Amino acid sequence: MTEVFKGSFTQQEPIPEAGIEAAMAVLRHGRLHRYNTAPDEISETALLEQEFAATVGAKYCLAVASGGYAMATALRAVGVKTGDAVLSNAFTLAPVPGAIAAVGARPVFVGVTEALTIDLDDLEEKAGAARVLLLSHMRGHICDMDRLMAICEAAGVTVIEDCAHTMGAAWNGVPSGRQGTVGCYSCQTYKHVNSGEGGFLVTDDAEIAARSVMLSGSYMLYERHLAAPPKEAFDAIRYETPNISGRMDNLRAAILRPQVADLATQYARWNERYRCLEDGLRGTPGLTVIERPEPETIVGSSIQFLLLDWGAADVRQVLARCAARGVELKWFGGAEPAGFTSRYDSWRYAETPAMPKTDRVLAGIVDMRVPLTFSLEDCALIARIIRAEVSAVFQGQSTAAE
Ligand SMILES: *Cc1c(COP(=O)(O)O)cnc(C)c1O
């Protein structure tokens, strides 16, 4: 009998009861705006910022409207201006080059390796071209951060980390988002915490934190933050920093606080599922598993593998055959973006010089979400289906070539 998977790849878990109750309390009192507080009340948003800062060991944290907004704010706060070049990944999600475009700057794309991380040789070559790198840990893959930081320090490049897929991950024990000057996270439904929309920005730099708070739309109410720098940090910048509103609100913060408290449990559950899928896929002919480096602590909320140097028609066949058995895979190699864009050459508002080594990797990347609503049995079943369909197409391929 042919096995079919019946689950949904877009179904996340419900909001924890504690979050629903806290959200109802906010709805009942009606003070949703983060600065709308009763006397002696500390807003849910300020508490959330304090708790998230503690989770990643940052001095300062600002909660905002989205991950994309956090990145654009970080770029502004470190001084990126109209027309500036900003280094970034050729393989990432559209909000990353979008954040660069939002501040009127120009993305300079750096290639991707077979480990699905930024190509550090390419970065070394291009580092002189910009003062800032917006580094995306796309799909949770962390590059050799020691080498990356050394390259950027030598070239005087400020690093902003996009940790949309690495909340909870680490390199050599340092939490993702804490090696660069600023770390940005997303609370959008498909990331590691879910408030529909939302984001965080963390830093240890008081001036960048103060600027970010002002930029996000604090008016002159920044003293109501718990995870912002002291008042003096604002004195120097409060008249020269524009308000570009993108605040978090208390309803979302209420939903997020119990999720932030429970992150460690969720990371472990994601990784059990990831390792189960990885084990099931390892050794499939024609399929390359992305081996995770020893210094990397992962959060396996999605999994990728490579069908390296396969023809487009064969990759499409694998996707169609898996889909017919209920397994929804995404391919980053399609010439036309469908549903999402993750390739540099889809962002034609930026300069996109030919990157053949990157194109070869992109053409082979297959991706799958791992929602926590999947059981371990589901993951084992999904791996069996992918293994069978990849093998079938691969064998047909080699026979055709004989
Ligand atoms: C989701 C995502 C973001 C941020 O997205 P928002 O929808 O703006 O919160 C940033 N980078 C990557 C790689 C993402 O996948």
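Along every chain, residues carry numbers that run from 1 in the direction the sequence is written. Local features in this predicted model are restricted to residues whose pLDDT is 70 or higher, and side-chain atom pairs enter the listing and the counts only when it is 80 or higher, whereas totals over whole chains, interfaces and linings include all residues. Each side-chain value is derived from all of the structure's non-hydrogen atoms; neither hydrogens nor water enter the calculation.

Peer 1: Looking at this model, I keep getting lost on the sheet that holds strand E6 (residues 170-171). Mind explaining?
Peer 2: Sheet strands pair by backbone hydrogen bonding; their relative direction is either parallel or antiparallel. Across the sheet, three strands lie side by side as E7-E6-E11; this open sheet has antiparallel pairing. Strands with a single pairing partner mark the edges of an open sheet, and in this sheet they are strand E7 (174-175) and strand E11 (296-297). Paired strands, in this sense, are two strands between which DSSP finds at least two bridges. Only runs of H or I of at least four residues qualify as helices and only runs of E of at least two qualify as strands under DSSP, and these elements are numbered from the N terminus.

Peer 1: What is the right way to read the side chain of glutamate 389 from this model?
Peer 2: Within the fold, glutamate 389 resides in helix H13 (residues 376-401). Each residue is placed in one exposure class: buried if its accessible area under a 1.4 Å probe, protein chains only, is under 20% of its type's maximum, exposed if it is over 50%, and partly exposed if it falls in between. Taking relative accessible area as the criterion, glutamate 389 reaches 8% and is therefore assigned buried. Contacts are residue-level and defined by heavy atoms, with any inter-residue pair within 4.5 Å sufficient. Discounting chain neighbours no more than four positions away, the residues touching glutamate 389 are Val318, Arg321, Cys322 and Arg325.

Peer 1: Could you clarify how one ought to interpret the site of the ligand in this entry?
Peer 2: Proximity is defined per residue: if any heavy atom of the residue lies within 4 Å of a molecule or strand, that residue is considered near it. Near the ligand, the surroundings consist of 16 residues, among which Gly68, Asp162, His165, Ser186 and Lys191 are the closest. For the ligand, an oxygen atom lies 2.8 Å from a polar atom in the backbone of glycine 67. In isolation the ligand exposes 380 Å². Once the protein is present, 92% of that is buried. For the shell around the ligand, the secondary-structure elements that each account for two or more residues are helix H3 (67-77) and helix H4 (95-102). With three residues, the single largest contributor to the shell around the ligand is H3. Amino acid classes used here: Ala, Val, Leu, Ile, Met, Phe, Trp, Tyr, Cys and Pro are nonpolar; Asp, Glu, Lys and Arg are charged; the rest, including Gly, are polar. Residue composition of the shell around the ligand, by class: six nonpolar, eight polar and two charged. Here a polar contact is taken to be a pair of N or O atoms separated by no more than 3.5 Å, where protein atoms must pair a possible hydrogen donor with a possible acceptor and residues adjacent in sequence count only if both atoms sit in side chains. Method for areas: the Shrake-Rupley scheme with a 1.4 Å probe, in which residue coverage is limited to the protein chains shown.

Peer 1: What's the story with the environment of aspartate 119 in this structure? I'm lost.
Peer 2: Position of aspartate 119 among the secondary structure elements: in the loop between strand E3 (106-110) and helix H5 (120-126). Taking the C-alpha atoms as reference points, aspartate 119 and arginine 321, separated by 202 residues in sequence, lie 32 Å from one another. The residues touching aspartate 119, leaving out its near neighbours within four places in the chain, are Val110, Gly111, Val112, Thr113 and Lys357. Here aspartate 121 takes part through its backbone nitrogen, which lies 3.0 Å from a polar atom of the side chain of aspartate 119.

Peer 1: Please clarify how helix H7 (residues 206-217) should be interpreted in this entry.
Peer 2: Quick reminder: α-helices carry 3.6 residues per turn. Residues three or four places apart thus point the same way. Between the first and last residue of a helix there are one fewer steps than residues, each counted as 1.5 Å, and that sum is the expected span. An ideal rise of 1.5 Å per residue puts 16 Å on 12 residues; H7 measures up with 17 Å between its terminal C-alpha atoms. Across the 12 residues that make up H7, a large majority, 10, are buried. Those residues of H7 not exposed but buried are Ile208, Ala209, Ala210, Arg211, Ser212, Val213, Met214, Leu215, Ser216 and Gly217. Summarising the contacts, the buried residues of H7 are in contact with strand E1 (60-64), H3, strand E8 (182-186), strand E9 (199-203) and helix H8 (231-235). Regarding H7, its N-cap is aspartate 205, as a side-chain oxygen of that residue lies 3.0 Å from the backbone nitrogen of glutamate 207 further along. At the C-terminal side of H7, tyrosine 219 shows a positive phi close to 50 degrees.

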